[in-house]
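Reading the structure
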Amino acid sequence: MTLESALTLFVAVPLLTAGVLVAVASRTRLILTVLFAVLVAQLAAAVATVPWVADGSVVVHQVALWAPGVSIPFVLDMFSALMLTVTSLLTLTCAAFAVAAGEAYKRFYPPLVLLVTAGVNGALLTGDLFNFFVFVEVMLLPSYGLMMITRSGRASVAGVAASRLYISVNLLASTILLIGVALIYGLTGTVNIAQLHGAASEDTAVAVATALVLFALAIKAAVVPVHGWLARAYPKMSPAVTAMFSGLHTKIAIYAIYRIYAVIFDGDSRYLWVGVVVFSATMLIGVLGAVGEAAPRSILAFHMVSQIGYILLGVALFGPIGLTAGIFYLLHHMIVKAALFLAIGAIEVRYGPRRLGQLSGLAKTEPLIAIAFFASAMSLAGIPPFSGFVAKLSLIIAALDAGQIAAAAVAVVVSILTLLSMLKIWTGIFLGEPTPTDSRTLPEGLDPAYSDATGIPDGRDRDGRHRDGVEITAAASGATATATAARASTTATDTAAATDTSEAGSPDPVIVPPGRRIGLALAAPALALSVVTLALGLGGQLLLELSGTAAANLYDPTTYIQAVLG
């Protein structure tokens, strides 16, 4: 097998492994071991692709060795290599969080994650529009399953409505995408991206058809005015799924927008003003939408919409500086937004979903999560020395260089509003005196006297069971029993109150004194990503250079086209 043909393994390995794991879905430890083995190997392989194309070269494999123009090409350049690396990192990190939170022990969780991974990798590597559509669907279909199986307790009306909205909008967008691809094929006789180079800039009919594809991708990316589905759906998913989707789904659509406009439109300057207006509006409306929200994940969801505007402004500033800034911002945002969702998700796993003001003082009782959230929040707002500062400064410089003073001004104003919004969450949850916990507000099945400090592994209740009832090992059970006995001697009164029932048959509430409930295993994923954003801020020059290489291939796609067409 040649190095070029090895590109197909990014799709084949997770896809085939997912099929095998379905057959042994009842063997929890085995399938989790295999899941992490595949994800770690994929991350290592993705990192290895970066130096492979660091000189600006493009690696192509014609699947099944058909002739160029007939086969399905798998194409690797710096842009796809960087995206593969970051998506692999986020999938691995979110899977680790899911284990700590107990979500990964749900039946079929590992194979569904691998199917999503196969779809993401295929969408990033394919050089064919129709197969891009196919891989997007491969990514989305298991995502619907993940939404359902990771839901805890009985689904609320709002949760069901959010799931229905998410699925309906994505089905609609996929239908529009397929129609657009079909129109392009009918007009040009091909869906090979390289063969379509410049077609939209030369033929108005092809431009309209390609614009339909871009519109479908804008829906999937949650661009204003088709952004409402994301703000309503993401806060209702489980924490691990929200974090993973934030780094994968919308970002695949953004990646495709960059690629399609650079190659098929050939960066046509006649339409760039539309992007500047729409993406500036996305920045502003997204951050203003967060003002009226009181739940942390809802605030973060609206800020995700706002930051998508920043990312896509890079393609509207089509040029070496603008594309470099946009790609850097894309990679930075994927890491930071996942870190924020994981930090808030860890709080929800141990304290239940809360609105601002219902929980306080976590900076004292949960210092690990406080550090992870603060670092990621400052990076999102663009405060040095984090990667967000480099990303926003680069984008503002690119806007000024392109003469888009209004867009640069919007970027600065939105950055200030983002900082205020992050401080709103910080003061509402982390500052102040720690508050006692009412057992009625805790996640279903969690012991009111639970404390990670006592030694109970993350994701398990006081009886040593995972939330879906899967037994842990004998050694872990012994540790749990010891921890439970120790805790029982100090919380006998609370435990008795929790087990007594009223005449109506429901437990009496237990008020638990403040204490640490989030252990290292649950905090580590958010902490790890916050360290990454700090490293990218301090060593931003390296990623800027790599982003510049990716941008050069987009600004002048000649190397890409010649590599694909031979």
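Okay, so let's go over this structure. Computed from a predicted model, the values in this text were never measured in an experiment. (Residues numbered from 1 in each chain as written. Predicted model: local features only at pLDDT ≥ 70, side-chain atom pairs only at ≥ 80, totals over all residues. Heavy atoms only, no water.)

Some thoughts on the overall build of the chain
Going by this rule: Counting from the N terminus, the helices are DSSP H or I runs at least four residues long and the strands are E runs at least two residues long. Summary of the burial criterion: residues with accessible area below 20% of their type's maximum are buried, those above 50% are exposed, and those between are partly exposed, where the area comes from a 1.4 Å probe applied to protein chains only. In this analysis, two residues are considered to be in contact whenever any of their non-hydrogen atoms come within 4.5 Å of each other. Using the Shrake-Rupley algorithm and a 1.4 Å probe, accessible areas are obtained, with residue cover drawn only from the displayed protein chains.
Along the chain, the regular secondary structure elements total 22 helices and 4 strands. Out of the 566 residues in the chain, the part that is buried amounts to 59%. Residue pairs at least 24 apart in sequence account for 80% of intrachain contacts in the chain once pairs closer than 6 positions are excluded. Per element, the accessible surface of the chain, about 20700 Å² overall, is 68% carbon and sulfur.

Side note on the packing of helix α3 (residues 78-101) against helix α20 (residues 520-538)
To characterise two packed helices, one gives the angle between the axes of the helices and the distance between these axes. Rules: Axis definition: a line fitted to C-alpha atoms, limited for helices to the stretch in contact. Angles are taken between N-to-C directions and run from 0 to 180 degrees. Oblique is the label for every angle not falling under 35 degrees (roughly parallel), over 145 degrees (roughly antiparallel), or within 65 to 115 degrees (roughly perpendicular). Whether a crossing is left-handed or right-handed is set by the direction in which the near helix is turned from the far one by less than a right angle, anticlockwise for left-handed and clockwise for right-handed. When residue character is reported, Ala, Val, Leu, Ile, Met, Phe, Trp, Tyr, Cys and Pro are called nonpolar, Asp, Glu, Lys and Arg charged, and the others, Gly included, polar.
With their axes 7 Å apart at the nearest point, α3 and α20 run at an angle of 160° to one another. Classed by the angle they form, the pair α3 and α20 counts as roughly antiparallel. Considering how the two elements wind past one another, α3 and α20 form a crossing that is left-handed. Facing L89, L90, T93, A96, F97, A100 and A101 of α3, the residues of α20 in contact are A521, L522, P525 and L529. For the contact of α3 with α20, the residue count by class is 10 nonpolar, 1 polar and no charged.

Observations concerning the side chain of T49
Relative to the helices and strands, T49 is located in helix α2 (residues 28-52). Of the residues examined, T49 reaches a relative accessible area of 3% and is grouped as buried. Once residues within four sequence positions are removed from consideration, T49 is found in contact with F10, L76 and A81.

Quick look at the nonpolar core
For clarity, the threshold we go by: Throughout, nonpolar core names a set of buried Ala, Val, Leu, Ile, Met, Phe, Trp, Tyr and Cys residues whose side chains join them through atoms within 4.5 Å.
If you look at the biggest cluster of nonpolar residues, it comprises 192 residues, and the most contacted ones within it are Y166, Y258 and I347. Take this core: its biggest share by element is 21 residues, from helix α13 (residues 320-351). In this view, I347 contacts G352, L359, L362, I369, I429, F430 and I518; residues no more than four positions away in its chain are not counted.

Some details on the packing of helix α6 (residues 157-188) against helix α8 (residues 204-221)
Taken N-terminus to C-terminus, the directions of α6 and α8 make an angle of 160°; their axes are 8 Å apart at the nearest point. One way to sum up the angle between α6 and α8 is to call them roughly antiparallel. Relative to α8, α6 is oriented so that their crossing is left-handed. Here the contact of α6 with α8 is composed, by residue class, of 17 nonpolar, 5 polar and 1 charged.

Some details on unusual backbone geometry
Of note, the amide linkage connecting V224 to P225 takes the cis form, showing an omega dihedral of 10°. With omega at 10°, the peptide bond leading from P384 into P385 counts as cis. Its location among the elements puts P385 in the loop between α15 (367-381) and α16 (387-401). A positive phi angle is found at F108, which is not glycine, with a value near 75°. Of note, F108 is situated in the loop between α3 and α4 (109-125). The class of F108 is partly exposed, set by a relative accessible area of 30%. Phi at D266 is positive, roughly 55°, even though this residue is not glycine.

With respect to α8
Since one α-helical turn is 3.6 residues long, residues separated by three or four positions face the same way. For the record, the criterion: Each residue after the first adds 1.5 Å to the expected span of a helix. Here a polar contact is recorded for every N or O atom pair within 3.5 Å, except that within protein the pair must consist of a potential hydrogen donor and a potential acceptor, and residues adjacent in sequence are included only if both atoms are side-chain atoms.
The first and last C-alpha atoms of α8 sit 25 Å apart over 18 residues, in line with the 26 Å expected at 1.5 Å per residue. All of the buried residues along α8 are V206, A207, A209, T210, V213, L214, A216, L217, A218, I219, K220 and A221. In this fold, the buried residues of α8 make contact with α5 (129-149), α6, α7 (199-202), α9 (228-233), α10 (239-263) and α12 (296-316). For α8, the N-terminal capping position is held by D203, with its side-chain oxygen 2.8 Å away from the main-chain nitrogen of A205.

Some points on the side chain of K337
By the element assignment, K337 lies in helix α13. Not counting the four nearest positions on each side in its chain, K337 is found in contact with S246, L300, H303, M304 and L380.

Details of the packing of aromatic side chains
Note the threshold: Only rings of Phe, Tyr and Trp enter the pairing, Trp through its six-membered ring, and a pair is recorded when the two centres are within 6.5 Å. The plane angle decides the type: under 30 degrees is stacked, over 60 is edge-to-face, the rest tilted.
Under the defined criterion, the tally for this structure stands at 17 aromatic pairs. Measuring from centroid to centroid gives 5.7 Å for F265 and Y271, while their planes differ by 75°, and the two rings are edge-to-face. According to the relative accessible area criterion, F265 is buried, its value standing at 4%. Of the aromatic side chains, those joined through ring pairs into one cluster are Y144, Y166, W229, Y234 and F245.

Quick notes on α20
Condition: Bend, at a single residue, is the angle you get between axes fitted to the 7 residues ending at that residue and the 7 residues starting at it.
Between its first and last C-alpha atoms α20 spans 25 Å; for 19 residues at 1.5 Å apiece the expected length is 27 Å, and the two agree. Of all bends in α20, the biggest is about 25°, found at A526. Residues of α20 that are buried include every one of L522, A523, P525, A526, L527, L529, S530, T533, L536 and G537, and no others. As for α20, its buried residues are in contact with α3, α13, α15, α16 and α21 (540-555).

Some remarks on the environment of I383
Take I383: it is sitting in the loop between α15 and α16. Take I383: its relative accessible area is 28%, and that puts it in the partly exposed class. Sequence separation between I383 and L419 is 36 residues, and the spatial gap between their C-alpha atoms is 8.5 Å. Residues contacting I383, with those up to four places away along its chain left out, are M378, F389 and L419.

Remarks on the pattern of salt bridges
To keep things clear, this is the line we draw: Put simply, a salt bridge is a Lys or Arg side-chain nitrogen that is within 4 Å of an Asp or Glu carboxyl oxygen.
Under the definition given, this model contains 4 salt bridges. For D268, the salt bridge goes to R270, with nearest N and O atoms at 2.6 Å. The partner of R297 in a salt bridge is E348, with the nearest N and O atoms 2.9 Å apart. A residue pair is termed long-range when its members are at least 10 positions apart, and R297 in helix α12 and E348 in helix α13 qualify at 51 residues. Taking the relative accessible area as the measure of exposure, R297 reaches 5% and is therefore buried.

The values are spatial; any link to function lies outside them.
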